[in-house]
Amino acid sequence: MQNRQGGQNAISVLIVDDIAETRENIKKLLAFEEQEFRVVGSVGTGRDAIKAAIETKPDIIIMDINMPDMDGITATSEITKRLPTAAVIMMSVQTDADYMRKAMQAGARQFLGKPIDTDELYSTIRAVYRSYESIRNQAIAIQDLPVDVRKPQPIQGEPGVRPGHVIVVYSAQGGSGCTTVATNLASGLMKKNVRVLLVDADLQFGDVGVFLKLQSQSTLLDLVGKIDDLDTDFFDSIVATHDSGLKVLLGPLRPEYAEEVEAVPQAVSRIIEKIASNYDFVVVDTSRRVDEHLLSLTDIATRVMLVVNPTLSGIKNTKFILDLFDRLNYTPDKSLLVLNRVEDERSRQRVTIATEQIERFLRKQVFAKIPDAEREVLGAVMKGVPIVASRDRSKSPVKEFLEMAEHISTLLVGANAGESDSGEAEERKAPKKAGLGLLGRN
Ligand SMILES: Nc1ncnc2c1ncn2[C@@H]1O[C@H](COP(=O)(O)OP(=O)(O)OP(=O)(O)O)[C@@H](O)[C@H]1O
Ligand SMILES: [Mg+2]
């Protein structure tokens with residue numbers, strides 16, 4: 001627990017109950033610990049709760065379940081959608097399991113039995129507040145991201161009319177940081193009014209769920225049989241939502257299920273094509289295997305980010321991929337090199353290759369350079385929060401990841417603001433025929 005000084009630093013609490021006496025009672029109990037808790041509002045209906053939550057942005061909302069007009073479950077669902085940093089503690093006399101399940105689904109984090117027990121009230125607020133620390137940091141980071149570097153291109157508010165840029169993240173060498181780059185890119189692209197979907201297309205050993213601590217049972221396998229009549233509602237019921245608001249389409253739960261996805265030609269790319277216009281960016285994490293599944297994704301991609309470590313085998317494998325892209329007639333600007341795990345000259349421990357040499361050998365400029373930062377990268381995975389959500393955005397590698405996201409956003413949003421029938425748009429509309437196998441394509 002942080003050492004709280006009271007006043008502005010105290011945990012802000014909104015109290016919602018239709019019985020005035022209960023509200024007063026909780027308020028008094030919290031006032032005994034005024035150094036630690038600050039009541040920012042006290043309202044008697046679900047509707048007022050939504051209004052007050054948006055106005056006061058409390059850390060904690062203590063919410064009654066049964067209220068006239070709008071019940072606590074509906075209000076919780078609305079509030080948690082709009083204000084991911086507010087943690088709702090549901091209060092009820094009922095111990096009905098069905099009620100509890102519904103409240104949890106609506107986004108409630110904890111329960112308090114009625115009548116309120118003083119110690120339980122304090123300890124529950126403290127525990128829930130503590131568990132929300134990373135979510136608060138993430139939200140602060142996302143809100144504060146600089147937006148004005150982009151062209152003031154209006155991003156339409158409605159789903160179905162968004163640009164749907166598909167960014168495939170690929171590495172020709174396992175363990176190079178492909179998933180690390182994909183999750184941080186997706187998170188870094190998220191800003192107000194920008195919808196981002198992260199897809200785990202590493203069908204056998206996808207790590208996105210682990211990196212973001214998501215445990216949904218719904219995965220892209222659920223979509224495979226329904227591609228032809230896939231609608232937005234069904235798609236939305238399958239995607240998981242990270243606490244930051246990032247939408248994530250998880251990969252199959254077990255390696256052996258990958259086959260079921262692969263049995264349907266171009267399954268993942270067709271799913272993405274169907275829903276892309278609901279998003280500004282669709283970031284796709286992939287495995288290193290070069291097969292039809294991968295190429296159907298790179299075919300529809302607006303950009304392919306090639307993640308490379310500055311090692312001999314990393315560069316050699318990337319060269320093969322660039323040659324293959326050449327043979328597939330991808331334009332050179334379709335692929336972008338991301339040099340990951342770049343070691344500081346002075347503290348270099350491994351034998352790595354200088355950026356200029358890599359650029360010369362691959363005949364391609366490096367688009368982004370991410371330093372080697374094991375502690376930060378692993379720390380983020382342990383917390384289930386992308387690195388870019390860190391508070392200190394001037395620190396490496398947060399800074400570099402954010403610059404990379406900003407850079408690509410400027411590139412794509414700028415390109416999108418240009419002529420609508422550019423070569424790039426054509427490329428997306430008419431992906432090259434897949435299904436012939438690699439050789440058939442050459
Ligand atoms: N910039 C970095 N600095 C230090 N460690 C990193 C960096 N990027 C990634 N790593 C570490 O490298 C390992 C592999 O990263 P990641 O899982 O993102 O790679 P991948 O290419 O997706 O691997 P896989 O082939 O298993 O899918 C992880 O332990 C990760 O913490
Ligand atoms: Mg991976």
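Residues numbered from 1 in each chain as written. Chains lettered and ligands numbered in written order. Predicted model: local features only at pLDDT ≥ 70, side-chain atom pairs only at ≥ 80, totals over all residues.

Engineer: Is there a simple way to think about the overall build of the protein chain in this case?
Structural biologist: Counting its regular elements, the protein chain contains 19 helices and 13 strands. The buried share of the protein chain, taken over its 442 residues, is 43%. At a minimum sequence separation of 6, the contacts of the protein chain that also span at least 24 residues come to 77%. (Helix = DSSP H or I, 4+ residues; strand = E, 2+ residues; numbered from the N terminus. Buried ≥ 20, exposed ≤ 12 C-beta atoms within 10 Å, placed from the backbone. Contact = placed C-beta atoms within 7 Å.)

Engineer: Which parts of the structure should I look at to understand the sheet that holds strand β12 (residues 335-342)?
Structural biologist: To summarise the sheet geometry, strands pair through backbone hydrogen bonds and adopt either a parallel or an antiparallel arrangement. Ordered by their spatial adjacency, eight strands build an open sheet running β8-β9-β7-β10-β6-β11-β12-β13, and the pairing between neighbours is mixed. The two strands at the open ends of the sheet, each matched to only one other strand, are β8 (240-241) and β13 (366-371). The pairing of strand β7 (residues 196-200) with strand β9 (residues 247-249) spans three bridges and is classified as parallel. By the bridge assignment for β9, valine 199 is matched with leucine 249. This element, helix α15 (residues 355-362), spans β12 and β13 of the sheet and lies at about 145 degrees to β13. (Pairing = 2+ DSSP bridges. Axes fitted to C-alpha atoms, helices over the stretch in contact; angles between N-to-C directions.)

Engineer: Could you clarify how one ought to interpret the environment of leucine 294 in this entry?
Structural biologist: Within the secondary structure, leucine 294 is located in helix α13 (residues 292-300). When residues no more than four places from it in sequence are discounted, the contact partners of leucine 294 are Thr286 and Arg289.

Engineer: What's the story with the sheet that holds strand β1 (residues 11-16) in this structure? I'm lost.
Structural biologist: Read across the open sheet, the five strands follow the order β2-β1-β3-β4-β5; overall the sheet is parallel. Single-partner strands in this sheet number two, and they are β2 (37-43) and β5 (108-113). If you compare each strand with its neighbour and ignore which way they point, the axes differ by 25 degrees on average. Packing of helix α5 (residues 118-131) onto the sheet brings it into contact with β1, β2, β3 (60-64), β4 (87-92) and β5, and relative to β5 it is tilted by some 175 degrees.

Engineer: Help me understand the confidence of the model for the protein chain in this model?
Structural biologist: Model confidence for the protein chain is summarised by a mean pLDDT of 84, while 84% of its residues fall at 70 or above. When the criterion is pLDDT under 50, residues 146-157 qualifies, and its contacts beyond four places in sequence or with other chains add up to 19 contacts. Note that pLDDT drops below 50 for residues 415-437; the model gives that stretch 24 contacts with residues more than four away or on any other chain. (pLDDT = per-residue confidence, 0-100.)

Engineer: Would you mind going over the pairing of strand β10 (residues 281-285) with me for this structure?
Structural biologist: If a strand is regular, its side chains alternate between the two faces of the sheet. Where burial is concerned, most of β10 is hidden: five out of the five residues are buried. Burial along β10 is two-sided: the residues Phe281, Val283 and Asp285 and Val282 and Val284 are all buried. Where β7 and β10 come together, five bridges link them in parallel fashion. Counted as the bridge partner of aspartate 200 is aspartate 285 from β10.

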